[in-house]
Amino acid sequence: MTTNLKNSFKQLDSYQHLGLLYENYAEWKSAVGNFALAAIENNEKFLCLAKKSSFKVIKKFLLAQEVNVSTAEKRGQLVHINEDEYFPENKNLKLDKIINFVNQKTEAALNEGYSELKITIETSLLFKDKHEIDKITAKELKLKQKLIKNQPLTILCSYNTKKLNPDLIKIALETHPNVIHNNNIHENPYYIPPVESKPKNKTEHQVKAWLNNIDTFSKEKNKFKEELEASYQQLEAYNQSLEKVTEELDKSFYKMNELASNFEKMIELTADLNKKSFQQEEKFLSKLLNTAINIIPEADYGLIYIFENNKVDFKNAIGYDLNKLNSLSITPEIFKSNSREAITTDKFIKTHQCPELRKIIDQTKESIKIGLYINQEEIGGLSLSIAEDSKESFGQDSKRLIKAFSNIANSFFTLQKHSEMQSEFQKEIITSITQMLEIHDRYTKGHSQNVAQTAKKIAVEMGLKNQEVEDAYWAGIVHDIGKTVIPDRILNKKGELSDEEYEEIKKHPRWGYLTLKSSPKLKKIGEYVLAHHERWDGQGYPQGLKGDEIPLISQIITLADAWDAMNSDRSYRNKLPRNIALKEIRNNSGQQFSPQVVEAFIKLLRKKKISS
């Protein structure tokens, strides 16, 4: 139960105002403890406006959950407000003082690198005087207007239903949109939204609000009932369809076996896609055509072909002479279907097109063909034909099946192309790196992988095209290859570098660029590597580029490189705490880093898609 409550707290949006209604100590401990635990795990600051004894209970709860409480207190993530200073004996705490104090703490938490401030307030400290109860509505309105509405802030107010005045509990129900009771967060049906001015008739205002809540909950209930009824109807329709299918299967047991056999053949064919035998293109396409002929019984003849060097290259033929077909010089225009859908025709090709071909395939009465594609390019085709003396004809099932076969072929060609590109790209990188014969930096491998992954995520978040996302990844992989010519004594020196050593380090982007530019496929990546130490304010190197003069991919690598460096141990320092590293990123937005890239990076951190 407590795990569910913690997760509910972690998934809450900011700007929340929660009311905890509890009857016993165990309920309070579970709710407030999980509230604090969610803040710690979400990299949020937790502030406790409660008695010292209550704060000790929270810390004990966190220790039981294996939280390093001492560290959290030292770094300012877990804070208790001194009771004697802020809650004088027998006096109520002024709300304006709370608002100013919380505003300051929220701003400080954001500057320290935390994404949000979570506060728990012991309500008994705010309303020690029973005559203050009638002012709670006004105070809650003021809290919403000046705190919760404008700040990344979640406030949890605690109410002991056994000890506090029942009138206070009633008002608590009316002023909190969400309440926690029995270890669950509930949408509150008794919530009355506050208004700017005091209503003329308080009771009338309450009744209207409750009636509105009733309407809202009724609508939601009715909507759920309608959706449930629709699901039942859909299920009933499925059942009726299933019954019809069952009847048909009972009547056609032989056909079922035939379909099962055909399905096994299709599975066997698609399994070949996972064998990575992309060099055996002709063998795969021949098998595909044979399978299609077996599964589509109307077909007597078949062809599968691709377009290469402005010529039709027949990979397999059934019922035709393959050698004679390939001896002809046939242009792709004759065979192109210009469609991803199956097309049926009484003549495979027009009479006036290629008379030599007509002599070979003239014995058919009906044909069905479909194009084979890589992305938007038609690169070949599959065709089946029926003999002149046959009484069969292609139906809708035949169209659906040949479409399925074309999809399998398209998948084969796409995977083949991807495999070739990936292999070629990796070989190019290996060739480039093997030109560097000096000693490598011993941390580069892990660092480069981290930078590449972070850069790829930022590129996706910024909405870059697929190729640009891949470029960001590969630029991250090779961004430091220029360091392979820097002596090990400089790369791994403990302590501050001399001016001469630092100037030597600053040469590595240019050396990386010179290595990569020799390959046509890597030249663009080399340009990104060259600029990955430029700064947004123009104070970087080697060219002193400024702002958007720096390639966008390089801007992304700059931030990803710095983030991993700050989160890693180096020869001259230990890694920085996460919140300090994040503060450095924020503070250097518009100076070292592109503001646009920083914004995308912060969004990824909030979505928990990047970790240190």
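Values in this document were obtained by computation on a predicted structure and should not be read as measured data. (Residues numbered from 1 in each chain as written. Predicted model: local features only at pLDDT ≥ 70, side-chain atom pairs only at ≥ 80, totals over all residues. Heavy atoms only, no water.)

Chemist: What should I look at first to understand helix 24 (residues 578-587) in this one?
Modeler: Working note: α-helix, 3.6 residues per turn, so residues spaced by three or four point in the same direction. Those residues of helix 24 not exposed but buried are N579, A581, L582 and I585. Projected down its long axis, helix 24 carries its buried residues within an arc of 160°, all on one side. Looking at the packing, one finds that the buried side of helix 24 touches helix 23 (552-566) and helix 25 (595-606). (Buried < 20%, exposed > 50% of the residue type's maximum accessible area, 1.4 Å probe, protein only. Helix = DSSP H or I, 4+ residues; strand = E, 2+ residues; numbered from the N terminus. Arc of directions from axis to C-beta. Contact = heavy atoms within 4.5 Å.)

Chemist: Would you mind showing me how to read the environment of S448 here?
Modeler: You can see S448 is positioned in helix 17 (residues 444-461). Each C-alpha atom, one on S448 and one on Y473, is 9.6 Å from the other, the two residues being 25 residues apart in sequence. With sequence-adjacent residues up to four places away left out, S448 is seen in contact with G476, I477 and H479. Within the structure, the side chain of S448 is placed 3.4 Å from the backbone oxygen of I477, a separation counted as a polar contact. (Polar contact = N/O pair within 3.5 Å; in protein donor to acceptor, adjacent residues only side chain to side chain.)

Chemist: Can you help me understand the sheet that holds strand 1 (residues 16-22) in this one?
Modeler: Spatial strand order, 3-2-4-5-1-6-7: seven strands in an open sheet with mixed pairing. One side of each edge strand has no neighbouring strand; the edge strands of this open sheet are strand 3 (78-80) and strand 7 (184-187). Across the sheet, the mean angle from the axis of one strand to that of its neighbour is 20°, orientation sign disregarded. The strands touched by helix 3 (residues 52-64) are strand 2 (45-49), strand 3 and strand 4 (117-122); relative to strand 3, the strand with the most contacts, the crossing angle is about 165°. In the packing of helix 9 (residues 166-175) onto the sheet, contacts are made with strand 1, strand 5 (153-160) and strand 6 (178-181), and the angle to strand 5 comes to roughly 155°. (Pairing = 2+ DSSP bridges. Axes fitted to C-alpha atoms, helices over the stretch in contact; angles between N-to-C directions.)

Chemist: Just checking my understanding: could you explain the sheet that holds strand 12 (residues 377-387) for this structure?
Modeler: In a beta sheet, neighbouring strands are held together by backbone hydrogen bonds and run either parallel or antiparallel to one another. Read across the open sheet, the five strands follow the order 9-8-12-11-10; overall the sheet is antiparallel. Two strands in the sheet have a free side with no partner beyond their single neighbour: strand 9 (311-318) and strand 10 (343-345). Across this sheet, the average inter-strand angle for adjacent strands is 20°, counted without regard to direction. Of the pairings in the sheet, the one linking strand 10 to strand 11 (residues 364-374) comprises three bridges and is antiparallel in character. Bridge assignment links T345 to a residue of strand 11, and that residue is S367. Those strands touched by helix 12 (residues 281-295) are strand 8 (301-308), strand 9 and strand 12, and its axis lies near 50° from that of strand 9.

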